[in-house]
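These are the residues of each chain, in order.
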Number of protein chains: 2
Amino acid sequence: MTPPTRRKALHALVATAATAALAPVARAAAPLAGGSGLGVHRMKLGTFEVTTLLDGFIELPQAVLQGNPEVIQRALDAGRVIMPIRTAVNCFLVNTGSKLVMIDCGGAKMLGPTAGRMPQALAAAGLELGQVDEVYITHMHGDHLHGAVAPEGAKLFPNAVLRIAKADVDYWGSPAVEAAAPENQKGRFVAAKRAMAAYGDRLQPFELGAELVPGIRSVPAVGHTPGHSCYLVSSGNARLLLLGDTMHVGPVQFARPEITVMFDFSQDQARARRQELFEMAVKDDLLVGAVHLPFPGIGKLRTRDGGGYTYEPIAWQMY
Amino acid sequence: MTPPTRRKALHALVATAATAALAPVARAAAPLAGGSGLGVHRMKLGTFEVTTLLDGFIELPQAVLQGNPEVIQRALDAGRVIMPIRTAVNCFLVNTGSKLVMIDCGGAKMLGPTAGRMPQALAAAGLELGQVDEVYITHMHGDHLHGAVAPEGAKLFPNAVLRIAKADVDYWGSPAVEAAAPENQKGRFVAAKRAMAAYGDRLQPFELGAELVPGIRSVPAVGHTPGHSCYLVSSGNARLLLLGDTMHVGPVQFARPEITVMFDFSQDQARARRQELFEMAVKDDLLVGAVHLPFPGIGKLRTRDGGGYTYEPIAWQMY
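Residue positions are counted from 1 within each chain, in the order its sequence is given. Each chain is given a letter, starting from A, and each ligand a number, starting from 1, according to the order in which they appear as written. Given that the model is predicted, a residue must reach a pLDDT of at least 70 before its local features are reported, and side-chain atom pairs must reach 80 or more before they are shown or counted; all residues, however, enter totals for whole chains, interfaces and linings.

A.B. asks: Help me out: how do you make sense of the overall build of chain A in this one?
C.D. replies: Helix and strand labels come from DSSP, where a helix needs a run of H or I of at least four residues and a strand needs a run of E of at least two; each type is numbered from the N terminus. Scanning chain A from terminus to terminus reveals 9 helices and 15 strands. To sort residues by burial, count the other C-beta atoms lying within 10 Å of each one's C-beta; a count of 20 or more means buried, 12 or fewer means exposed, and anything in between means partly exposed. C-beta atoms are built from the backbone. Counting over 319 residues, chain A shows a buried share of 52%. A separation threshold of at least 6 residues defines the contact pool for chain A, and within that pool the share at least 24 residues apart is 69%. By the convention adopted here, residues are in contact when the distance between their C-beta atoms, placed from the backbone, does not exceed 7 Å.

A.B. asks: How do you make sense of helix 7 (residues 190–199) of chain B when you look at a structure like this?
C.D. replies: Every α-helix winds through 3.6 residues per turn, so residues three or four apart in the chain are directed the same way. Residue and element names in this part refer to chain B. Listing the buried residues of helix 7 in full gives Ala191, Ala192, Arg194, Ala195 and Tyr199. Viewed end-on, helix 7 has its buried residues packed into an arc of 165°, placing them on one side of the element. Looking at the buried side of helix 7, the elements it contacts are helix 4 (142–145), strand 7 (161–163) and helix 5 (166–172). Positive backbone phi, at 50°, marks Gly200, one or two positions downstream of helix 7. Regarding the arc, it is the one traced by the directions from the helix axis to the C-beta atoms.

A.B. asks: Help me understand unusual backbone geometry, please; the structure alone is not making it clear to me.
C.D. replies: Following Met83 of chain A, the chain continues into Pro84 of chain A via a peptide bond in cis, with omega recorded as -10°. Tracing the backbone shows Pro84 of chain A in the loop between helix 2 (69–78) and strand 4 (85–95). Within the chain, Arg80 of chain A stands out as a residue other than glycine whose phi angle is a positive 50°. Considering the arrangement of structural elements, one finds Arg80 of chain A in the loop between helix 2 and strand 4. Although it is not a glycine, Asp104 of chain B sits at a positive phi angle of roughly 65°. In this structure, Asp104 of chain B sits in the loop between strand 5 (100–103) and helix 3 (118–124).

A.B. asks: What is the right way to look at the sheet that holds strand 1 (residues 40–45) of chain A in this model?
C.D. replies: Remark on secondary structure: sheet strands pair via backbone hydrogen bonds, oriented parallel or antiparallel. Residues and elements named next belong to chain A. Sheet architecture is open: 6 strands sit in the order 1-2-4-5-6-7, paired in mixed fashion. Unpaired on one side and paired on the other, strand 1 and strand 7 (161–163) mark the two borders of the sheet. Put simply, the sheet's adjacent strands are angled 25° from each other on average, direction ignored. Only strands that DSSP links by at least two bridges are regarded as paired with each other. Fitting a line to C-alpha atoms yields each axis, with helices limited to the stretch in contact; the angle taken between N-to-C directions then spans 0 to 180 degrees.

A.B. asks: I'm lost on the pairing of strand 14 (residues 298–303) of chain B in this one. Help?
C.D. replies: As defined by bridge partners, strand 13 (residues 287–289) of chain B adjoins strand 14 of chain B across 3 bridges and the pair is classed as antiparallel. Bridge pairing in strand 14 of chain B links Leu287 of chain B to Lys300 of chain B.

A.B. asks: Would you mind showing me how to read the sheet that holds strand 9 (residues 216–220) of chain B here?
C.D. replies: All names here are of chain B. Strands sit in the order 8-9-10-11-13-14-15 across an open sheet of 7 strands; the sheet is mixed. Strands at the two margins of the open sheet, each flanked by one partner only, are strand 8 (211–213) and strand 15 (309–313). Taken over all neighbouring pairs, the strand axes of this sheet differ in orientation by 35° on average, direction set aside. Packing of helix 9 (residues 267–283) onto the sheet brings it into contact with strand 10 (229–235), strand 11 (238–242), strand 13, strand 14 and strand 15, and relative to strand 14 it is tilted by some 95°.

A.B. asks: What is the right way to look at the confidence of the model for chain A in this model?
C.D. replies: Atom-level detail of predicted coordinates should not be read off regions where pLDDT is low. Residues and elements named next belong to chain A. You can read pLDDT as the predictor saying how much it trusts each residue, on a scale of 0 to 100. Residue-level pLDDT values for chain A average 90, and 88% of them are 70 or greater. Here residues 1–30 scores under 50 on pLDDT; set against residues more than four positions off or in separate chains, the count is 71 contacts. Complex prediction metrics read pTM 0.86 and ipTM 0.81.

A.B. asks: What exactly am I supposed to notice about the environment of Phe254 of chain B here?
C.D. replies: All names here are of chain B. Inspection of the secondary structure assignment puts Phe254 in the loop between helix 8 (250–253) and strand 12 (260–261). With 21 residues separating them along the chain, Phe254 and Gln275 place their C-alpha atoms 9.4 Å apart. Discounting chain neighbours no more than four positions away, the residues touching Phe254 are Met247, Gly308, Tyr309, Thr310 and Tyr311.

A.B. asks: Explain the environment of Ala167 of chain A to me, please; I cannot follow it from the model alone.
C.D. replies: With respect to the secondary-structure elements, Ala167 of chain A resides in helix 5 (residues 166–172). The residues contacting Ala167 of chain A, other than those within four sequence positions of it, are Leu208, Val222, Pro226 and Gly227 of chain A.

A.B. asks: Any chance you could explain the environment of Lys193 of chain A here in plain terms?
C.D. replies: Topologically, Lys193 of chain A is positioned in helix 7 (residues 190–199). On a C-alpha basis, the gap between Lys193 of chain A and Leu241 of chain A in space is 28 Å, while along the polypeptide they are 48 residues apart.

A.B. asks: What exactly am I supposed to notice about the pairing of strand 2 (residues 48–60) of chain A here?
C.D. replies: Two faces make up the sheet, and in a regular strand the side chains alternate between them. All names here are of chain A. In terms of residue burial, strand 2 counts as a mostly covered element, since 11 of its 13 residues are buried. In the sheet, strand 1 pairs with strand 2 via 6 bridges, with the strands oriented antiparallel. Note on strand 2: the bridge partner recorded for Arg42 is Thr51.

Rendered as C-alpha cells:
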C-alpha cells in the first residue's frame, strides 16, 4: 500500500497533470476546454504491464521520405496522408514486477510545444519520476532522448540508470565526430551531450543484443543510427518488439518497407534491417510497438496482398 | 475561469478517479498496478469539442451474429476475432460551446463489472455530472441507457434533460408491450423503466429527424429498435455521424453489412438502414463514431475492394 503522505502527493500530481491538460468544460455557454487529453494506455503482457505514455507529436515534411518519388506519392495517397506528416511520439513504460523501465523519453520541449508531455502522462498514470529504475533509449536522437533530461539540465529520473547501446554513445558522444559534422548537423549532438552531462556515470552503455533485465533484451537494429537498438519485451509467451525508429511514416513504410528517411545514418542498413524485423514480427506473431505509431502505438503486422505489410493496432486494452 | 473552491473539488474528483483506475506502481519488486487506465479522448470538430468516454466493454457470443454462417465465419476469421467477441462501450460528450451534451451513457454496473466507468472517465476529463445539460440516447437498450441512472435509482445527471426518440419511449415504456414479451425478454425493459422513473418529466421524447440543439440532429435509424436514432453532429464543415447500434462487430459488419445481430428488432430494417448509413458516410466523407467501435470510437469508412467497407480509426487527436 502507498503511505498516506505519498498518496496525497500523488493525488496532487495527478490532479495537476490531468487538469492542466483537460481544463474543466463549464456548463452552458462556458468556454471550451481547449486542449486534448493526456495519453495513457496500460496493458498486460504476460505478467508484465506495459504503459504507453504519449509525449506529443512532431511534424515531418514529405521530403524526409527517401526512395522512388512515384512509389512514395502512391503510398501517401493510398494512406490519405496529410502534409506535413503528423507523427506521434510515444514512450513505453514496462513494469516487470521487479523493475520499472522507461523505454525512450520523448522530446521534452526541445522540439517545440507539441511534444514534452511525458512527465504529465507519467503523473496521470499514478507514478513518480523517482520510481523509474531504468531508462533505455533506442538511439540518441532528440525526440527519444531529450525527454530524459529536465529543462535546467539535471537528470529527470533521479534514481534511474540510463542505458544506451555503446555504438550510439561512441558516435553521438564523440567530439571528433561532432567536429567533422556539417555545420547544419551539429544541433543533432545536443541531446547526447545534455544526457551524458545529466547522467554522468549513471549512463551505462551496453552491447547490442544484451539482456538488460530479465524479460527485456536489446535487438540490434543498426542503420537508423550506428547503435540503434530495438527491444524485445517477453513475459511467458507474450512478446512485444519495440521497433524504435525502424518506422517513421506507417502508411508509407509498412506498405513499402524499402522507403527510408533522411535521418537514417545508413539508408541501406536501415532498409535491410526494417525488412528483417518486420518479417520477424510477422513470422513470430509478435506484438510490435513504436515511438512513431499512432498512440497507443502497439499492434500487429500482417503481410499485405501485393507485398509489404499492414499494421493493425490493438483495441484499447481493458482488464 | 473556475472559482478556486470549484477547482479544488474538481481536482479531488480527478485525483480520485485517476488513482482509482491507475493505482501507483511502486518501485522495485512492488506490486503491479493491476487495472488499465480510464479512456478519455478529446478532439475538435469545427468549433465543437467531442470527448469520448470509455464506459468499458461487453462480451458477445458468436451466436449474436445473424446471416449466412459461412459468410460470418469467413469475416470472423479474416478479422481474427477472438471468442467471446469483446466490444467496447463508448459514450460521446459534445460541447457545442453553449450546451454540454452526453450521447449514450454506457451500462453502469447493470451489465456486470466490465462496464460502468463513464462517471470516472467524466471526472478524469475535468467535468462534473451537474455540468451536463442534455443527455441523448440512441435507443433504450441497457448498455446505452443504464448509465444515465445512479445505482439507487436517481437520475445521474441532476441538471440534464433526457431525450429519446418517441417511438422508442412508446415501445420500451409500454406495459402492454412488456406484458406481451416472452418471459426471458422481460429483463430488457428494466433500463427503460428505471430511466423513466429517474427522469420523470425531464424525459422529453423527440420525433426522429429533429434538430435537438443547433449542430446536433437526430438521424432516423429505425430497425435495431423501433425508435433507434443516430445523431449528426455538425460544426461548420466538420461532421460526425454517431451511428448508435448500426454496428456491433466491426470486422464482420463493415466487410459484410448484410449481417445482422439477434438484438435487432427488425433484421430487414436494420440491415437496410446500415447499408444506407454506411453509404452516406462514405459519399459525404463523414467522420463516424459508434458505441461499439474500439475506443476512442471515431474514424472514417471507406469502400472495400470486393464489396463492403473498411473502417479507419482516426489517429489520437492532439491540439
